[in-house]
Amino acid sequence: MSSSFFMKTKGNPKTTKKGKETAAIKRKADGDSGGQSKIRAKKSSSKYNEEISSDSEVESPTVSKKRQAKEEIEFEETPQEKKLRLAKLYLEQLKEEEEKKAEDESFETDLIAGRLQEEVLEQKGKLQRLIAKDLIPPDDSEIRVLRGHKLPITCLVITPDDKCVFSAAKDCSIIKWDVESGKKLHTIHGGRKGTEDRHVGHTAHILCMAISSDGKYLATGDMNKLIMIWEGETCKHLYKFTGHKGPVSGLSFRRGTHDLYSASHDRSVKVWNVDENAYVETLFGHQDAITGLDSLSRERCVTVGGRDGTVRVWKIAEESQLVFHGHEGSIDCVQLINEEHMITGADDGSVSLWSVNKKKPLGTVKQAHGCHGDSGLEQPHWVSSVAALQNSDTVASGSHNSQVNVWKCGANYRGLELLFSVPVSGFINSLKFSSSGQFLVAGVGQEHRLGRWWRLKEAKNGIYIIPLKRKPSNPEEAI
């Protein structure tokens, strides 16, 4: 019995439990109050209790492990350890920030160095961005025409941010256009002759205009010898400069300043300070009416003197001038390509490239826009406007042969090569490249800006926006 009892205990505790309980009942029923039986009952009950507790111990480790894990998550580090961990994190962040800052600074330094180098080359007139090789002619459908002036356009300027165009015409009005939408943003209406005292604006043909490099001031000059200064943003009238004794034919702001240079048919060049609303000085030298003027950032300007056949560079600070000869006819327009080189156009049909270090042109294209008239009596088309994309190898010229010619300057600005022609009907009285080089704007009229020698009835008075398209960088894109 005893052996079987112990085997049962080992094999199955539950059966043992039942056996013990029945034995205890029997003993109670028999009235056996022996000490041994009590001791056995106690032993068996204690064994039973122990067995239950051991069963609970088998289940509890998983629960206790979970609790321990939670406790470890909640209380895995002491305050000192936390401080140490946060300090390490902070040091890592600082290190990353310093490394990034060092990278940015080195990148900025490279950028600044490149920019300074460009500015030095620009000042020396040696900066030449070679973009002409990538230009391709636009489709006729891509050329936009903005119409608003009643009479021929005489001059125009593009704002420094390339977002707006100001145009002026023989109807004495000035219009501010939005380039993207082609809408009029502002119109300054012209007044009738004799209303100068009460009309705010021009009452005679406007011949020239200029905008400051920050877009703050717009200057316009007319046949009545007046220069008007306007606020670029609002088109509010600010000042009126008087002093010229002939029509004002050329205006230009010195880049980076509000110094204004003006040229007139009275053969003089005047210097003004627009900030101070003040006249500065007058320069003399030309032997005929000055027909065009331009300037960049140096304290100097360049002018062309019509029938006196000269191009002059005025050194304002030194109070001296350089004289250049080249064209056979009246030189009607001039534009600086950079501080050292310029392009001019004349009524002998030629376009010339100049360096300030040479008295003669570096290169000339005769009959740049062809000829017109009966056989044997052909006359070249006058070159009425020129434009240059600054610090590049791309220039443009306009006449009245229904074409705007875009030219590529040769190496060291020696010679001109025709890239393509853009069909534009009428007199191209003004041409301007956008500073980004994304488009070219032409001011077109039925008549020449300075007179009424011809009238092209088929032409439309308007602003032509010509996109300057580039060749695709990848051959696959062209397919």
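See the structure shown above.
Since we're looking at a predicted model, the values are computed, not measured. Sequence order as written defines the numbering, with residues in each chain counted from 1. Local features in this predicted model are restricted to residues whose pLDDT is 70 or higher, and side-chain atom pairs enter the listing and the counts only when it is 80 or higher, whereas totals over whole chains, interfaces and linings include all residues. Note that the side-chain values use all heavy atoms of the structure and ignore hydrogens as well as water.

(A) Spatial organisation of the overall build of the protein. A count of helical and extended segments in the protein gives five helices and 32 strands. Relative accessible area decides the class of each residue, using a 1.4 Å probe on protein chains only: under 20% of the type maximum gives buried, over 50% gives exposed, and in between gives partly exposed. Expressed as a percentage of its 479 residues, the buried residues of the protein come to 45%. The long-range share in the protein, meaning contacts at least 24 apart out of those at least 6 apart in sequence, stands at 49%. When the accessible surface of the protein is split by element, carbon and sulfur atoms take 51% of a total near 26,500 Å². Runs of E in the DSSP output that reach at least two residues are strands. Runs of H or I that reach at least four are helices, and both are numbered from the N terminus. The contact rule is simple, with two residues in contact once any of their heavy atoms fall within 4.5 Å. We get accessible surface area from the Shrake-Rupley algorithm with a probe of 1.4 Å; when it comes to residues, only the shown protein chains can shield them.

(B) Structural context of the sheet that holds strand 6 (residues 184–188). Sheet architecture is open: four strands sit in the order 3-4-5-6, paired in antiparallel fashion. Each end of this open sheet is capped by a strand with a single partner; those strands are strand 3 (153–158) and strand 6. For this sheet the average axis-to-axis angle between neighbouring strands, irrespective of direction, equals 15 degrees. Here a strand pair is declared whenever DSSP counts at least two bridges between the two strands. As paired strands, strand 4 (residues 164–169) and strand 5 (residues 174–178) are joined by five bridges and run antiparallel to one another. Looking across to strand 5, one finds that Ala-168 is bridged to Ile-174. Whenever a helix is involved, its axis is fitted only over the stretch in contact; in every case the axis is a line through C-alpha atoms, and angles between N-to-C directions fall within 0 to 180 degrees.

(C) Quick look at the sheet that holds strand 15 (residues 292–295). Ordered by their spatial adjacency, four strands build an open sheet running 15-16-17-18, and the pairing between neighbours is antiparallel. Each edge of the sheet is formed by a strand with only one pairing partner; in this case those strands are strand 15 and strand 18 (320–325). Going from strand to strand, the sheet's axes swing by 20 degrees on average, the running direction of each strand aside. Where strand 17 (residues 310–315) meets strand 18, six bridges bridge the pair, whose relative direction is antiparallel. Looking at the pairing, Trp-314 lines up with Gln-321 of strand 18.

(D) Summary view of the pattern of salt bridges. Put simply, a salt bridge is a Lys or Arg side-chain nitrogen that is within 4 Å of an Asp or Glu carboxyl oxygen. Taken as a whole and judged by the stated rule, the model has seven salt bridges. Where Lys-170 meets Glu-447, a salt bridge forms, and the shortest distance between an N and an O atom there is 3.1 Å. In this pair, Lys-170 sits in the loop between strand 4 and strand 5 while Glu-447 sits in the loop between strand 30 (439–445) and strand 31 (462–467), placing the two residues 277 residues apart along the sequence. Taken together, the shared-partner salt bridges in this structure form one network comprising Asp-139, Glu-142 and Lys-469.

(E) Expanded view of the nonpolar core. Counting 20 residues, the largest nonpolar core has Val-404, Val-422, Val-424, Ile-428, Leu-431, Phe-433 and Leu-440 as the members making the most contacts within it. Those elements giving two or more residues to this core turn out to be strand 27 (403–409), strand 28 (416–423), strand 29 (427–433), strand 30 and strand 31. Residue contacts for Val-422: discarding those within four places in its chain leaves Pro-138, Ile-143, Ser-402, Gln-403, Val-404 and Ile-466. Residue types Ala, Val, Leu, Ile, Met, Phe, Trp, Tyr and Cys, when buried and joined through side-chain atoms within 4.5 Å, form a set referred to as a nonpolar core. Counting 16 residues, the second-largest nonpolar core is a separate cluster that includes Ile-337, Val-365, Tyr-413 and Leu-416.

(F) Structural detail: a negative patch on the surface. Taken together, Glu-92, Glu-96, Glu-97, Glu-98, Glu-99, Glu-103, Asp-104, Glu-105 and Glu-108 make up a surface patch of like negative charges. Position of Glu-99 relative to the elements: it lies in helix 4 (residues 79–124). Like charges are joined within 9 Å and nonpolar side chains (Val, Leu, Ile, Met, Phe, Trp, Tyr) within 5 Å, but only among residues with over 30% relative accessible area and no salt bridge; these make up the patches. Residues scored as positive are Lys and Arg, those scored as negative are Asp and Glu, and His as well as the terminal groups of each chain are ignored. The atoms used to mark charge sites are NZ of Lys, CZ of Arg, CG of Asp and CD of Glu.

(G) Examining the pairing of strand 9 (residues 227–231) more closely. Counting buried positions over the five residues of strand 9 gives four, a clear majority of the element. With five bridges connecting them, strand 8 (residues 217–222) and strand 9 associate as antiparallel partners. For Tyr-217, the partnering residue across the bridge sits in strand 9 and is Glu-231. Between the end of strand 8 and the start of strand 9, which pair antiparallel, lie four residues, with Lys-225 showing a positive phi angle near 70 degrees. By the bridge criterion, four bridges tie strand 9 to strand 10 (residues 237–241) in an arrangement that is antiparallel. Bridge assignment links Trp-230 to a residue of strand 10, and that residue is His-237. Connecting the antiparallel pair strand 9 and strand 10 is a turn made up of five residues, with Cys-235 showing a positive phi of about 65 degrees.

(H) Structural detail: the packing of aromatic side chains. Two aromatic rings from Phe, Tyr or Trp, using only the six-membered ring of Trp, form a pair when their centres are within 6.5 Å; if the ring planes differ by under 30 degrees the pair is stacked, by over 60 it is edge-to-face, and anything between is tilted. Taken as a whole, this structure holds four aromatic pairs when the rule is applied. When the centroid spacing of 6.3 Å and the interplanar angle of 5 degrees are considered together, the rings of Tyr-239 and Phe-241 count as stacked. An angle of 70 degrees between the planes, with centres 5.6 Å apart, marks the rings of Trp-272 and Tyr-279 as edge-to-face. Joined through ring pairs, the aromatic side chains of Tyr-239, Phe-241, Trp-272 and Tyr-279 make up one cluster. Across the ring face of Phe-324, the terminal group of Lys-359 is positioned such that the distance to the ring centre comes to 5.4 Å. Note on criteria: charge over ring means Lys NZ or Arg CZ within 6 Å of the ring centre, with the direction from the centre no more than 35 degrees off the ring normal.

(I) Molecular detail of unusual backbone geometry. One non-glycine residue with positive phi stands out, namely Cys-235, at about 65 degrees. On the secondary structure map, Cys-235 appears in the loop between strand 9 and strand 10. We classify Cys-235 as buried; its relative accessible area is 8%. Positive phi is not limited to glycine here, since Gln-367 has a value of about 50 degrees. Structurally, the position occupied by Gln-367 is in the loop between strand 22 (363–365) and strand 23 (371–372).

(J) Structural detail: the environment of Arg-470. If you trace the backbone, Arg-470 turns up in strand 32 (residues 469–470). According to the relative accessible area criterion, Arg-470 is partly exposed, its value standing at 31%. It is 9.1 Å that separates the C-alpha atoms of Arg-470 and Gln-438, two residues lying 32 residues apart in sequence. Once residues lying within four places of it in the same chain are set aside, the contact partners of Arg-470 are Ile-131, Asp-134, Leu-135, Ile-136, Ser-436, Gly-437 and Gln-438. Pairs of N or O atoms are called polar contacts if they sit within 3.5 Å, as long as, within protein, a hydrogen donor faces a hydrogen acceptor (for residues adjacent in sequence, only side-chain-to-side-chain pairs). Among the polar contacts listed, one links the side chain of Arg-470 to the backbone oxygen of Leu-468, at a separation of 3.1 Å.

(K) Inspection of the environment of Thr-159 at higher detail. Checked against the element boundaries, Thr-159 lands in the loop between strand 3 and strand 4. On the basis of relative accessible area, Thr-159 is assigned to the buried category, the value being 10%. In the structure, Thr-159 is positioned 51 residues away from Ala-210 in sequence and 9.6 Å away in space, judged by C-alpha atoms. Residue contacts for Thr-159: discarding those within four places in its chain leaves Cys-164, Phe-166 and Ile-211.

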